[in-house]
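Here is how the chains run, residue by residue.
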Amino acid sequence: MRVCNFLIVLFILNPYSMNAQINKSSTTEKENLTTAAPVAKKIAKEITTHNDTRIDNYYWLNDKENKEVISYLNEENTYTKTVLLETEKFQEKLFLEMKSRIKEDDQSVPYKLNGYWYITKYKKGNEYAIHTRRKETIKAKEEILFDVNKMAEGFKYYTLGGISISFNNEIAAFSVDTVSRRQYTIQFKDLITGEILKDKIENTTGGCVWANDNKTIFYTKKDKTLRAAYIYKHTLGTNEKEDQLVYEEKDETFGCGVFKSKSKEYIMIASSSTNSDEYRFIPANEPNAKWKVIQPREKDLEYEVAHYKDHFYIRTNKDKATNFKIMKTSVLKTEKENWTDLVPHRKEIYLEDFEIFSNYLVLEERKNGLIEIKITRWENEAVNFIEFKEETYVASIGLNPDFDSNTLRYSYSSLTTPSSTLEYDMEKHTSKTLKQQEVLDSSFKPKNYISERLWANARDGKKVAISIVRHKDTKLSKDTPLLQYGYGSYGITVDPSFSSTRLSLLNRGFIFAIAHIRGGEYLGREWYEEGKLLKKKNTFFDFIDASKFLIENNYTSSNHLYAMGGSAGGLLMGAIINMEPELYNGIVASVPFVDVVTTMLDEEIPLTTGEFDEWGNPKEKVYYDYMKSYSPYDNVEKKAYPNILITTGLHDSQVQYWEPAKWTAKLRELKTNNKLLLLHTNMDTGHGGASGRFESLKEIAMEYAFLFLIEEIKK
């Protein structure tokens, strides 16, 4: 490793500043802070595509079995720890502060399924959940299904995956990931004796489905690229090697999964790509039946299926229904020519979800960015809406396993309202709150915070919504720090929900903003289509234009503007700092997807083949050229970059660790200023970070401490 001339900037804090909790270092600590940043060695690798040659000097980091790679990652971790040394006590303060707001003795709202009430509980001091049930009544004797705290003992990482109970309520299938690579092992527990059965199934997606015979399950296995590609049938008491392959998804742009209909009458396999779907089904009472396809896949035909009585109900974009509609067909005649409209397509309303009851049809719709829940009575088509009064919020249909219920469970949250589970009486048209997240902070009152929704002008004339929250005592000015968050890919909408950890920013004078940029579906399906493939740059331009709007309207200034995003949102971070490096004082990029061209050229890497319809296939020159024009790693230049904190996990299956590692190395080589550039690799985890309720808070505390540190340096 070579040594660069980077020196840490030292500063003295104003004891009355928002950041006075950052402790001044001792003389010895200050001397240690002059440690130089590690510099990765360069080994030139030529990558030629379409007669275009790119030189990748850090390609060698793509080998975690190489001791030099691990050594480099450890050196970066040591350097990050050294730079943030004087924030360690502040990080601990933030961690304890965030943890103290969480009710440690807590439990979920009970729900009833197949004769049992299920409740997930947490106990004080525990990192993990305890899964329980009670037979018939909520007052019956508690039965502990899984105490994950005991199960996780001795593991650095532990996740309990999907729990699936047999139809006779006697056996639980469950799955475990102890590596954080989203490769789960399915096991079985006899709920009568408490015995863990010998059956064990490796390398699955985690979930499984029981046939109604209580001995047959269907599950999904992954291929070598971790694509969900195979559906197997397993008979309880047999060896995994005897399992029967019932479906193989041979198209590498598709993934597959298996589930049971709400009616419990059918088992279904769903095969999906970015813009095409195909479903097949068998009766749940006949696990050996021949699978029947509902509608063969067609390019650009998307659909999803629910079952009730004699019909399948289908949410689809058929007939150019861009924002989706609901159609209906007999279970005996399932092909698309038999589908009839039930809820027509509406250009101004995006149909996100639906729920079927015996007496009601419930729709979750998005209009002008905001969710509405619409209830229609089958009998007389009478319509009611659940009303939401805040300016910006998120709501969604909850868990409703009972067809015959006249009550609807749904969730609600906003930037100032803690997450709530509510129940709506569809006959009386009244709502009641079953549970609201408790915030154990005497200073927290929703009225002390202000939320609003603004509309920024994008450069092409579109309007981009920005959801904002701040403490009522935080004044708008060019000196106010503001953290802007974004994602903008896969049609995923980042809604304005509540966060108790975010209070640690808001209470110290930060404004928090979410830019609802193209690539998500905040303004409907077209909003997504305009932020993918050869229109991907709209995502980056929207975010930048939202930033400039906030500056122009005196919410902050470039000296105090920060941006944050993870995964595909990390790609967003990489793109915006290449395009507008001086617009931001600091960036936090979590598990960032930044080496777009090289990754999308490598079909052996997890997720690549399934994402050609999202990013394009660079083996086609038009996509290669466009992708190369924005790929963060390929566009790092000699310029002054903002302060940057990059985080990753060694076992990440979604964005391989070497992408952020290579990006860090190249940025450090080419950046022309002495602003902070830090890489933190969690050597025990993957894409989702630490497991458990509280360990993940330490990662958030580090990110917040970084923001406060560079904000104080700027002052």
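Everything here concerns the structure above.
A brief report on the enclosed structure follows. (Residues numbered from 1 in each chain as written. Predicted model: local features only at pLDDT ≥ 70, side-chain atom pairs only at ≥ 80, totals over all residues. Heavy atoms only, no water.)

### Re the overall build of the protein chain
And step 1. Looking only at helices and strands, the protein chain features 13 helices and 41 strands.
And step 2. Taken over C-alpha atoms, the radius of gyration comes to 26 Å for the protein chain, in line with the 27 Å a tight globule of 715 residues would show.
And step 3. By principal-axis analysis of the C-alpha atoms, the protein chain measures approximately 75 × 60 × 55 Å.
And step 4. In the protein chain, buried positions account for 58% of the 715 residues.
And step 5. Considering only contacts within the protein chain whose residues lie at least 6 apart along the sequence, 57% involve residues at least 24 apart.
And step 6. About 29,900 Å² of surface is accessible on the protein chain, with carbon and sulfur atoms providing 47% of the total.
And step 7. Seen as two clouds, the 99 positive and the 104 negative side-chain charges of the protein chain have centres 3 Å apart. (Helix = DSSP H or I, 4+ residues; strand = E, 2+ residues; numbered from the N terminus. Rg over C-alpha atoms; globule rule 2.2 N^0.38 Å. Buried < 20%, exposed > 50% of the residue type's maximum accessible area, 1.4 Å probe, protein only. Contact = heavy atoms within 4.5 Å. Areas by Shrake-Rupley, 256 points an atom, 1.4 Å probe, with all protein chains shown as cover. Lys, Arg positive; Asp, Glu negative; His and termini not counted. Charge placed at Lys NZ, Arg CZ, Asp CG, Glu CD.)

### Some words on the sheet that holds strand β23 (residues 311–316)
Hydrogen bonds between backbone atoms are what pair the strands of a sheet, whose relative direction is either parallel or antiparallel.
And step 1. On the basis of which strands lie adjacent, the open sheet formed by 4 strands has the order β22-β23-β24-β25 and antiparallel pairing. One side of each edge strand has no neighbouring strand; the edge strands of this open sheet are β22 (303–308) and β25 (340–343). Adjacent strand axes in the sheet meet at a mean angle of 35° when their direction is disregarded.
And step 2. Bridge analysis of β22 against β23 gives 6 bridges, and the strand direction is antiparallel. In the strand pairing of β23, Glu304 is matched with Arg315. (Pairing = 2+ DSSP bridges. Axes fitted to C-alpha atoms, helices over the stretch in contact; angles between N-to-C directions.)

### With respect to the environment of Tyr266
And step 1. In this fold, Tyr266 is placed in strand β19 (residues 266–272).
And step 2. For Tyr266, a relative accessible area of 13% corresponds to the buried category.
And step 3. For the pair Tyr266 and Lys639, spaced 373 residues apart in sequence, the C-alpha to C-alpha distance is 59 Å.
And step 4. Filtering out sequence-adjacent residues up to four positions away, Tyr266 remains in contact with Phe259, Lys260, Ser261, Phe281, Ile282, Pro283, Ala284, His307, Phe312 and Val331.

### Let's talk about the packing of aromatic side chains
Working definition: an aromatic ring pair is given by the centre-to-centre distance plus the angle between the planes.
And step 1. Throughout the structure, instances matching the rule amount to 32 aromatic pairs.
And step 2. Note on Tyr219 and Tyr232: the rings are 5.8 Å apart at their centroids and 15° apart in plane angle, and the pair reads as stacked. One end of the pair, Tyr219, is in strand β15 (residues 216–222); the other, Tyr232, is in strand β16 (residues 228–235), and 13 residues separate them in sequence. Tyr232 matches Tyr219 in its accessibility class, with the two residues each being buried.
And step 3. Between Phe510 and Tyr562, the ring centres sit 5.7 Å apart and the planes meet at 45°, which makes this aromatic pair tilted. Remark: Tyr562 occurs in strand β38 (residues 561–566) and Phe510 occurs in the loop between α5 (503–506) and β37 (511–516); sequence separation between them is 52 residues.
And step 4. Residue classification places Phe510 among the buried positions, given a relative accessible area of 0%. (Phe/Tyr/Trp six-rings, centres within 6.5 Å; stacked < 30°, edge-to-face > 60°.)

### Examining the environment of Glu76
And step 1. Mapped onto the elements, Glu76 comes out in helix α2 (residues 67–83).
And step 2. Separated by 585 residues in sequence, Glu76 and Ala661 place their C-alpha atoms 9.1 Å apart.
And step 3. At 2.7 Å, the side chain of Glu76 and the side chain of Tyr72 are in polar contact.
And step 4. A polar side-chain atom of Glu76 sits 2.5 Å from a polar atom in the side chain of Arg668. (Polar contact = N/O pair within 3.5 Å; in protein donor to acceptor, adjacent residues only side chain to side chain.)

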